[in-house]
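Summary of the model geometry
The chain contents come next:
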Amino acid sequence: MEEKKTAWERLQIVHTKGRPTVKDYIPMIFTDFHEMHGDRLYGDDKAVIGGIARLNGKPVTVIGQVKGRDINENKSCNFAMPHPEGYRKALRLARQAEKFHRPIICFIDTPGAFCGVAAEERGQGEAIAKNIAEFMAIRTPIISIVLGEGGSGGALALGVCDELAMLRNAQYSVLSPRGFASILWKDASREQEASEIMRITAEDMVKFGVAESIIDEPLGGAHNDLDKISENIYEYLAAKIPEKCKKDIDVLLKERYTKFRKIGAFIE
């Protein structure tokens with residue numbers, strides 16, 4: 001049994017060089033993956049991958065944020081920080097999944113949406129807001145899994161779902177601990193202190209009702225056994241997708257709406 005780790009220790013695991021990315025998981029979990037490109041408005045964002053695949057022989061739509069395992073891969077995918085066209089591509093694929101009654105599986109792994117001038121000029125905030133609004137009403141089951149970092153609106157744009165799961169060491173937060181420390185204390189070097197008070201671990205998210213499930217990682221982190229962590233994710237999806245597909249879609253949409261309305265409501 002692995003001893004309980006602090007939020008900071010988990011963050012170090014998430015940032016471990018060689019930690020598996022969505023591109024590692026897709027061929028391990030799905031078959032017949034066919035990638036689709038572009039948002040049909042501006043271009044193709046390499047920070048978001050999406051397409052059609054099969055899970056246990058059944059068609060599904062897969063959408064994920066792409067991290068790199070080295071500096072060249074990270075430069076290619078903009079360090080997993082999507083531009084507006086990445087979110088619009090995700091929404092295009094979600095609408096297509098709705099049309100053909102395919103469940104949607106989203107993999108979240110981003111420090112946050114790209115905040116550069118070009119992204120703002122192309123409507124970054126609008127793209128994220130539209131995804132949140134539209135995913136709430138997409139008439140097909142949606143499952144989201146946080147693989148590593150789930151940062152701010154950049155993660156929430158793929159996080160509106162019927163059930164949210166997190167890998168054991170993953171984190172989900174309004175912003176990074178470094179950003180938190182920079183804003184609150186004007187001192188980015190206090191990010192370790194920030195990580196321990198932000199309540200951003202998978203256990204915290206389940207306790208708060210933000211996430212429903214935790215997917216166990218191999219001892220020391222996902223990078224130590226790709227086969228095992230892929231098997232764990234597959235088993236989770238293989239159980240949850242049929243469960244959600246059996247529900248009446250109107251009931252599912254009502255439960256999805258209620259799930260998010262409850263977040264942030266507390267009784268002392």
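A few points on the structure.

Parameters at a glance
- Here the residue index of a chain counts from 1 through its sequence in written order.
- Restriction of local features to residues with pLDDT of at least 70 applies here, the model being predicted, together with a cutoff of 80 or more for giving and counting side-chain atom pairs; totals for whole chains, interfaces and linings are based on all residues.
- Note that the side-chain values use all heavy atoms of the structure and ignore hydrogens as well as water.
- The pocket and cavity definitions rest on a 1 Å grid over protein atoms only: a 1.4 Å probe that fits but cannot leave marks a cavity, an open set with protein on both sides within 12 Å along at least five of seven lines marks a pocket, and residues lining either have an atom within 4 Å of a point.
- Grid points are joined across faces, edges and corners, and a volume is the space filled by probe spheres set on the points.
- Secondary structure elements are taken from DSSP: a helix is a run of H or I of four residues or more, a strand is a run of E of two residues or more, and numbering for both begins at the N terminus.
- When residues are grouped by polarity, Ala, Val, Leu, Ile, Met, Phe, Trp, Tyr, Cys and Pro land in nonpolar, Asp, Glu, Lys and Arg in charged, and all others, Gly among them, in polar.
- Every angle, taken between N-to-C directions, lies between 0 and 180 degrees, and every axis is a line fitted to C-alpha atoms, over only the stretch in contact when it is a helix.
- We call two directions roughly parallel when the angle between them is under 35 degrees, roughly antiparallel when it is over 145, roughly perpendicular when it lies between 65 and 115, and oblique otherwise.
- In this scheme the handedness of a crossing depends on how the near helix is turned from the far one: anticlockwise by less than a right angle means left-handed, clockwise means right-handed.
- For this analysis, residues touch if any pair of their heavy atoms sits within 4.5 Å.
- Pairs of cysteine sulfur atoms within 2.5 Å are what we label disulfides.
- Throughout this description, buried means an accessible area under 20% of the type-specific maximum (1.4 Å probe, protein chains only), exposed means over 50%, and partly exposed covers the range between.
- By convention in these notes, a salt bridge is any Lys or Arg side-chain nitrogen within 4 Å of a carboxyl oxygen on Asp or Glu.
- We call two strands paired when DSSP finds no fewer than two bridges between them.

**Quick word on empty space enclosed by the protein**
On inspection of all chains with the given rule, the structure shows one cavity of 30 Å³ or more. What the largest cavity holds in volume is close to 70 Å³. Along its surface, the largest cavity is lined by Leu-11, Thr-110, Pro-111, Glu-149, Gly-150, Gly-151, Gln-171, Ser-173, Ser-176, Pro-177 and Ile-200. Contributing elements (two or more residues each) for the lining of the largest cavity: β5 (142-151) and β7 (171-173). Looking at side-chain class alone, the lining of the largest cavity contains four nonpolar, six polar and one charged residues.

**A short note on the packing of helix α4 (residues 84-99) against helix α6 (residues 124-135)**
For the pair α4 and α6, the least separation of the axes is 8 Å and the interaxial angle reads 20°. When the axis of α4 is compared with that of α6, the two are roughly parallel. Taken as a pair, α4 and α6 cross one another with a handedness that is left-handed. For the pair α4 and α6, contact is made by Pro-84, Tyr-87, Arg-88, Ala-90, Leu-91, Ala-94 and Arg-95 and by Gln-124, Glu-126, Ala-127, Ile-128, Lys-130, Asn-131, Glu-134 and Phe-135, respectively.

**Re the side chain of Arg-10**
One can find Arg-10 in helix α1 (residues 7-14). Not counting residues within four places of it along the chain, the set of residues in contact with Arg-10 comprises Lys-5, Arg-168, Asn-169, Gln-171, Thr-201 and Glu-203.

**Observations regarding the state of the cysteines**
Scanning the entire structure with this criterion turns up zero disulfides. Free of any disulfide, Cys-77 has its nearest cysteine sulfur in Cys-115, 16 Å distant. On the accessibility criterion, Cys-77 (4% relative accessible area) is buried. Just so you know, Cys-161 is unpaired, no disulfide at all, and the nearest cysteine sulfur is the one on Cys-106, 7.7 Å from it.

**Quick notes on the side chain of Arg-19**
Structurally, Arg-19 can be placed in the loop between α1 and α2 (22-29). In this structure Arg-19 comes out as buried when scored by relative accessible area, which is 6%. When sequence neighbours within four positions are dropped, the list of residues in contact with Arg-19 reads Ile-13, Val-14, Arg-69, Leu-147, Gly-148, Leu-167, Glu-217, Ala-222 and His-223.

**Things to note about the environment of Ala-47**
As for its position among the elements, Ala-47 is in the loop between β1 (31-35) and β2 (48-55). Residues Ala-47 and Gly-68, spaced 21 residues apart in sequence, show a C-alpha to C-alpha distance of 9.4 Å. If sequence neighbours within four positions are ignored, Ala-47 has contacts with Gly-64, Gln-65, Val-66, Cys-77, Ala-80, Met-81 and Pro-82.

**Comments concerning the pattern of salt bridges**
Summed over all chains, the structure comprises 23 salt bridges. In this structure, the salt-bridge partner of Glu-191 is Arg-178, at a minimum N-O distance of 2.7 Å. Here Glu-191, found in helix α9 (residues 191-197), pairs with Arg-178, found in helix α8 (residues 177-184); they are 13 residues apart in sequence, far enough to count as distant. Owing to a relative accessible area of 44%, Arg-178 belongs among the partly exposed residues under this scheme. Salt bridges sharing common partners tie together Arg-10, Arg-168, Glu-203 and Asp-216.

**Considering the pairing of β2**
Of all eight residues in β2, six are buried; the element is thus mostly enclosed. Strand direction decides the pairing type here: β2 and strand β3 (residues 58-65), joined by eight bridges, are antiparallel. Within β3, the residue paired with Ile-52 across the bridge is Thr-61. Connecting β2 to the next strand, β3, in antiparallel fashion are two residues, including Asn-56 with a positive phi near 55°.

**Remarks on α1**
An α-helix turns once every 3.6 residues. As a result, residues three or four positions apart point the same way. Within α1, six of the eight residues are buried, which leaves it mostly tucked inside the rest of the structure. Elements that come into contact with the buried residues of α1 comprise β5, β7, α8, α9 and α10 (202-208).

**Let's talk about the packing of α2 against helix α11 (residues 226-245)**
In the contact formed by α2 and α11, the axes pass within 9 Å of each other and the chain directions differ by 65°. Like other packed secondary-structure pairs, α2 and α11 cross with a definite hand, here right-handed. On α11, the residues touching Asp-24, Tyr-25, Met-28 and Ile-29 of α2 are Leu-226, Asp-227, Ile-229, Ser-230, Ile-233, Tyr-234 and Leu-237. Looking at the contact of α2 with α11 residue by residue, the classes come out as eight nonpolar, one polar and two charged.

**Quick word on the environment of Ile-249**
Within the secondary structure layout, Ile-249 lies in helix α12 (residues 249-262). On the accessibility criterion, Ile-249 (23% relative accessible area) is partly exposed. In sequence terms Ile-249 and Ser-152 are 97 residues apart; their C-alpha atoms lie 28 Å from each other. Not counting the four nearest positions on each side in its chain, Ile-249 is found in contact with Arg-139 and Thr-140.

Any functional reading would require information beyond the geometric quantities listed.
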